[in-house]
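Structure at a glance
Residues per chain, in single letters:
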Amino acid sequence: GTTPELLLKTFTQYCEVVKTPRGAVMRPQQSLGVGKWLVIFCDEINLPEEDKYGTVRVVSFLRQLTEQGGFWRSDCSWVSLQRIQFVGACNPPTDPGRVPLTLRFLRHAPLLLVDYPAPDSLAQIYGTFNKAMLKLHPDLGAYREPLTDAMIDFYGRNQRQFTADAAPQYVYSPRELSRWVR
């Protein structure tokens with residue numbers, strides 16, 4: 001699973017620690033470009049399980065990094081962060097296996113909900129996708145629109161029929177449509 005130690009290991013791959021008059025500072029390596037920022041993308045940020053105390057260690061560590069601007073090393077010296085940003089993505093805490101993010105963490109993290117596209121948008125997206133895929137088979141090009149319509153219809157029916165309320169594994173997302181075309 002994802003741990004604070006794994007995050008620190010990622011830092012060592014892309015960052016350098018320099019001594020300054022104000023103490024140790026961790027920043028992106030010069031080889032990445034002078035003045036460049038390092039953006040750490042934390043996918044499925046609410047998937048790690050809580051420990052026996054109800055804490056998700058990696059989320060608490062991210063909160064500390066954001067709130068305090070650094071961390072304590074094992075030698076008890078403080079390391080400040082410079083030009084390092086965190087971005088996360090997650091599913092709603094109501095989805096199976098997810099844990100709610102704490103309010104203490106969320107006060108530092110603006111939230112943006114990106115819902116699933118409407119059927120018209122799905123038709124536009126997958127119509128374009130199918131058009132590109134069917135270029136490999138020109139004789140099937142005329143079936144792009146009926147294929148797209150059938151995919152969207154089948155996806156919608158399955159999504160309505162098989163809900164997460166019935167069984168936790170029944171989570172349908174547009175990702176399913178992409179898998180069908182691959």
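Residues numbered from 1 in each chain as written. Predicted model: local features only at pLDDT ≥ 70, side-chain atom pairs only at ≥ 80, totals over all residues. Heavy atoms only, no water.

What the 4 strands build is an open sheet, ordered S1-S2-S5-S4; its pairing is mixed. Taken across any chain shown, the strands that pair with only one partner, and hence form the sheet edges, are strand S1 (15-20) and strand S4 (70-72). Taken pair by pair, the neighbouring strands of this sheet meet at an average axis angle of 30 degrees, ignoring direction. Here S4 pairs with strand S5 (residues 78-81) via 3 bridges, running antiparallel. For Gly 70, the partnering residue across the bridge sits in S5 and is Ser 80. Helix H1 (residues 4-14) rests against S1, strand S2 (23-28) and S4 of the sheet, and its axis sits at about 80 degrees to S1. Set on the sheet, helix H2 (residues 57-68) makes contact with S4 and S5; between it and S4 the angle comes to about 120 degrees. (Pairing = 2+ DSSP bridges. Helix = DSSP H or I, 4+ residues; strand = E, 2+ residues; numbered from the N terminus. Axes fitted to C-alpha atoms, helices over the stretch in contact; angles between N-to-C directions. Contact = heavy atoms within 4.5 Å.)

Now for helix H4 (residues 119-134). The periodicity of an α-helix, 3.6 residues per turn, causes residues three or four places apart in sequence to face the same way. Compared with an ideal rise of 1.5 Å per residue, which puts 16 residues at 22 Å, H4 spans 21 Å between its outermost C-alpha atoms and is within 8% of the ideal. Residues Leu 122, Tyr 126, Gly 127, Asn 130 and Leu 134 constitute the buried set of H4. For H4, the arc enclosing every buried residue in end-on projection is 125 degrees, short of the 170-degree limit, so these residues lie on one face. The elements touched by buried residues of H4 are helix H5 (144-161) and helix H6 (175-181). (Expected span 1.5 Å × (residues − 1). Buried < 20%, exposed > 50% of the residue type's maximum accessible area, 1.4 Å probe, protein only. Arc of directions from axis to C-beta.)

Honestly, that's just the spatial picture; any functional story needs more than this.
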